[in-house]
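Fold and geometry: a report
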Amino acid sequence: MNTLKKLKSIDAIYWFVAVFFIAALVFVPGFANLAALERLLSQGCVLIILACGVHLTVLNGGVDFTSTALLALTTVVGGSIMSTKGPLGGSAGALILGLLVMVLLGLGFGIINGFSITTFKMPSFIVTMATQMIVNGLAVVYTGGSSVTGMPSAFAKFGKGSIFIFPYLLIVAVGVALVMHIITTKTLFGRQLYAVGTNHKAALISGVSPRKTIFKAYVLSGVCAGIAGIVMLAYMQSGSVNYGATMFNDIMGSIIVGGTSPAGGRGKIANTVMGALLINMIDSVLNILGIPYYFITLIKGLIILVAASIDLIRMDRKVAR
Amino acid sequence: MSEIALELKHITKSFGEVQVLKDITLTLKKGHILGLVGENGAGKSTMMNVLGGIYQRNGGEIFLNGTEYRPASPKDAGAAGIAFVQQELNLFTNLSVTENLFITDMPRNKLGIVNKREMRRTVEEKLKEVGAEEISPDTIIASLPMGQRQLVEITKSIMADAKIIIFDEPTTSLSNAEKEKLFGIINKMKEQGKSIIFISHILEDVFARTDEIAVLRDGEIISQRKTSEADAATIIKEMVGRELTNIYPTCEKTIGEVVFETKDICQEGRFDKVSLRVREGEIVGIFGLMGAGRTEYLRCIFGLDPMSSGEVIYRGKQIQPVEPENCIKNGMALITENRREEGLLLPKTLRENIVLSSLKAHRKGNGRFFMNAGKERESTAKMTEDLRIKTFDPNEQTAGTLSGGNQQKVVFAKWVLSDPKVFLLDEPTKGVDVGAKYEIYTIIQDLAKQNSAVIMVSSEVEELMGVCDRILVMNNNRFTGELTKNEDYSAEEIMKYAVGGAM
């Protein structure tokens with residue numbers, strides 16, 4: 001009885017991931033080998049990091065459209081700095097500078113977003129959509145549209161290497177997710193974030209500053225986008241303005257399937273990570289099966305719809321009780 | 001012997017392991033007004049929700065005009081002729097009166113186009129029926145005062161030609177004149193043969209207006225008797241299950257020097273140099289009629305609404321800037337009148353609510369970032385015990401599932417925990433039952449005893465006279481009178497100032 005209750009209280013997303021994973025292992029030939037799994041995890045890294053960042057902004061009832069554009073911008077700027085074809089000739093210093101600039105770019109645009117949203121009281125939807133276009137434009141202007149190649153060998157090793165079956169990139173993504181998990185569950189800021197997302201007014205009257213809290217969420221989201229840029233660049237070994245162009249749906253899909261409320265105040269990082277894994281599994285399974293791209297988006301959309309509604313139905317039941 | 005319109009027999013209802021309704025047995029006679037009283041959390045809302053088809057009962061029977069009644073949804077209840085007038089108005093403030101009244105079923109022509117003319121005509125008729133013909137059907141709800149919104153809500157209830165109308169605390173936000181009007185309408189409904197259940201915390205109204213009174217306590221109907229055979233002492237005793245000797249607690253405390261001062265507060269279009277001083281350990285009441293500016297004054301000096309000029313001073317130090325966060329940092333606290341909207345995180349646990357304004361004090365060690373969950377639990381346990389908050393587990397139960405009185409105690413717990421020295425209380429006992437009221441008065445007295453300065457806004461003269469050391473009366477955004485305890489407290493005097501009598 002007690003175990004049954006415990007099983008019932010597990011969030012829906014874990015069931016989806018488990019069921020889908022087992023089904024894929026059993027029914028999809030070519031899914032059940034280490035190389036495929038490793039590839040799956042590597043591909044999931046960028047999505048996990050981006051989704052974790054955006055998750056914070058959704059928690060306070062907002063959204064961050066900028067992150068996918070920042071992903072592209074950081075890869076081309078960072079890539080061009082550390083490139084062996086660049087002015088610094090791919091030196092170790094260039095590598096470090098490149099990484100630093102990528103994170104700082106994310107931080108900078110996070111600050112711009114946070115500042116605009118909190119100071120001018122503009123909806124995050126409008127602000128981040130505008131900065132997304134600006135960032136995208138900047139990336140195209142910077143590169144003239146061509147991709148950036150010639151990554152130094154140390155960086156290539158980082159992108160391809162692994163400990164046992166755990167790619168370095170996965171370790172970075174898990175690290176980011178872990179930090180975000182701790183921030184949301186264990187820290188003062190995390191508590192303020194949930195409070196502001198649940199009831200902006202009550203938080204304000206209780207001495208929790210919605211302004212500062214919301215600002216920090218966008219800054220962190222920006223930093224996550226910068227880190228995601230590093231992982232993307234390491235994985236692809238080239239920077240491109242096209243990265244992330246179709247990724248926003250996957251980010252929001254991960255967050256929503258994970259049971260996070262778009263109205264704010266409710267949601268767990270761990271579930272968003274699971275959501276990202278689910279979406280990646282769907283992607284790779286459909287790829288292995290050789291299903292055309294347009295079908296993949298269609299099926300993904302359906303699965304997100306079903307998963308989100310199942311989660312909501314369960315939530316309603318909980319509340320009614 | 002008049003006919004029976006509605007009969008409830010041994011109704012039970014549980015949520016999980018908590019039995020909210022234990023034994024509800026109640027009869028409502030045709031053309032009668034039945035008053036229903038009970039403490040918050042006694043089960044009134046649950047009982048109404050069972051009647052309204054929102055919850056399904058676990059046991060017992062309901063007979064409507066002699067036939068079994070088992071509503072599966074609010075729609076069923078409406079079709080059966082049962083209508084509800086809620087405490088919290090369910091109107092769309094951005095729509096017109098007509099649109100609100102027809103919101104569930106607008107008359108349409110063959111093309112599906114709404115027939116506005118017909119709607120308007122019906123609305124005019126219905127408004128007239130409740131004596132609210134001064135309201136134009138095209139008015140947007142947001143521009144109507146509370147009293148008139150209540151009338152619209154009532155009109156909505158008679159749209160479907162209801163036979164039984166249940167009023168849930170209909171008078172909480174009404175002025176006296178509006179209240180009179182409401183009772184006029186209720187009586188008119190009664191004359192038309194409709195049966196009415198009238199739920200209220202204001203015993204005086206219940207005694208004056210009903211035919212019968214039923215008392216609900218802990219999910220059980222304790223008594224139902226003719227109003228003419230009931231007396232207030234018995235009813236109160238039945239409600240709380242114990243004797244209330246003192247309605248207001250007394251305590252020994254010392255009042256010190258002036259510690260809190262608001263100087264020449266101005267707000268564009270409202271306040272013009274309005275000042276106030278409060279001494280250490282003093283409870284100052286602010287009385288005023290609806291719209292006198294009491295709530296607005298508190299919100300202004302707490303930085304929630306803009307202040308064009310003026311100073312807020314605590315212990316000789318000016319609080320600058322006047323913003324909520326800074327006011328709180330300087331030892332101020334505000335308990336707003338609408339706890340659900342501005343006081344609580346409803347979907348969050350009691351613990352998360354209680355530690356909300358002292359999050360920083362619950363960090364680990366001397367660190368900046370990490371919360372100390374153990375310390376949070378400790379504080380929460382202490383507060384729920386000290387303030388006697390009824391909960392099965394403050395770490396699990398969400399604030400939204402508590403009764404009104406307990407919710408208000410959670411709001412108080414939040415502030416008592418963070419230990420401020422200036423308390424601004426706006427209608428601290430609004431929608432709270434007798435028993436919980438007493439406990440809240442005790443909490444307020446304790447705050448003053450611990451040398452806090454308390455400013456308390458209330459619409460109940462008696463409450464202010466019972467709790468406060470000094471009462472200021474507000475009229476038209478300025479203070480028009482001041483009365484000191486024991487010397488010149490009189491309800492008539494206070495009311496005289498409130499309606500604009502000379503200082």
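First things first, this report covers the structure right here in the doc. (Residues numbered from 1 in each chain as written. Chains lettered and ligands numbered in written order. Predicted model: local features only at pLDDT ≥ 70, side-chain atom pairs only at ≥ 80, totals over all residues. Heavy atoms only, no water.)

For the rest of this paragraph, the subject is a positive patch on the surface. On the surface, a cluster of positive charge is made up of Lys216 of chain A together with Lys329, Lys360 and Arg368 of chain B. By the element assignment, lysine 329 of chain B lies in helix H10 (residues 324–329). (Patch = residues over 30% accessible without salt bridge, like charges linked within 9 Å, V, L, I, M, F, W, Y side chains within 5 Å. Areas by Shrake-Rupley, 256 points an atom, 1.4 Å probe, with all protein chains shown as cover. Salt bridge = Lys/Arg side-chain N within 4 Å of Asp/Glu carboxyl O. Lys, Arg positive; Asp, Glu negative; His and termini not counted. Charge placed at Lys NZ, Arg CZ, Asp CG, Glu CD. Helix = DSSP H or I, 4+ residues; strand = E, 2+ residues; numbered from the N terminus.)

Turning our attention to the packing of helix H12 (residues 248–257) of chain A against helix H13 (residues 269–288) of chain A. Residues and elements named next belong to chain A. In contact at an axis separation of 7 Å, H12 and H13 are set at 125° when each is read in the N-to-C sense. As judged from the angle between their axes, H12 and H13 are oblique. Of the two elements, H12 crosses H13, and the hand of that crossing is right-handed. Between H12 and H13, the residues in contact are Asp250, Gly253, Ser254, Ile255 and Val257 and Asn271, Thr272, Gly275, Ala276, Leu278, Ile279 and Asp283, respectively. (Axes fitted to C-alpha atoms, helices over the stretch in contact; angles between N-to-C directions. Parallel < 35°, antiparallel > 145°, perpendicular 65-115°, else oblique. Left-handed = near helix turned anticlockwise from the far one by under 90°. Contact = heavy atoms within 4.5 Å.)

Now for the sheet that holds strand S15 (residues 317–318) of chain B. Residues and elements named next belong to chain B. An order of S12-S11-S14-S15 is seen for the four strands of this open sheet, with the pairing classed as antiparallel. Because the sheet does not close on itself, it has two edges, and the strands there are strand S12 (271–279) and S15. Sheet analysis places strand S11 (residues 258–267) next to S12, joined by six bridges and oriented antiparallel. Paired with threonine 262 across the two strands is leucine 276, which belongs to S12. Sitting on the sheet, helix H9 (residues 294–301) is in contact with S11, S12 and strand S14 (309–314), with an inclination near 105° to S11. (Pairing = 2+ DSSP bridges.)

Residues Phe260, Tyr297, Phe302, Met332, Leu424, Ile444 and Ile471 of chain B are the most contacted members of the largest nonpolar core, which totals 91 residues. When residues of this core are assigned to their parent elements, the largest contribution, seven residues, is made by helix H15 (residues 434–449) of chain B. When near neighbours in sequence (up to four residues on either side) are disregarded, tyrosine 297 of chain B contacts Thr262, Ile265, Phe271, Val274, Ser275, Leu276, Met474 and Phe479 of chain B. Listed in part, the 62 residues of the second largest apolar core include Val77, Val176, Ala217 and Tyr243 of chain A. (Core = buried A, V, L, I, M, F, W, Y, C linked by side-chain atoms within 4.5 Å. Buried < 20%, exposed > 50% of the residue type's maximum accessible area, 1.4 Å probe, protein only.)

The next point concerns the packing of aromatic side chains. Two numbers describe a pair of aromatic rings. These are the distance of the centres and the angle of the planes. Under the criterion given, the structure shown has 11 aromatic pairs over all chains. Between the aromatic rings of phenylalanine 115 of chain A and phenylalanine 120 of chain A, the centroid separation amounts to 5.8 Å while the plane-to-plane angle is 90°, which identifies the pairing as edge-to-face. Among the residues examined, phenylalanine 115 of chain A registers a relative accessible area of 44% and is labelled partly exposed. Between tyrosine 248 of chain B and tyrosine 441 of chain B the ring centres are 5.2 Å apart and the planes differ by 45°, which places this aromatic pair in the tilted class. Separated by 193 residues along the polypeptide, tyrosine 248 of chain B in the loop between helix H8 (232–240) and S11 and tyrosine 441 of chain B in helix H15 bring together distant segments of the chain. (Phe/Tyr/Trp six-rings, centres within 6.5 Å; stacked < 30°, edge-to-face > 60°.)

Contact residues are listed per partner, giving 25 residues for chain A and 32 residues for chain B. Across the interface of chain A and chain B, roughly 2100 Å² is buried in total on both sides, 61% from carbon and sulfur atoms. Its largest share of buried area at the contact with chain B, chain A owes to Leu188, Arg191 and Ile205 of chain A, together 33% of the area lost on that side. Here chain A is connected to chain B by three salt bridges. (Buried area = accessible area lost by both parts, 1.4 Å probe.)

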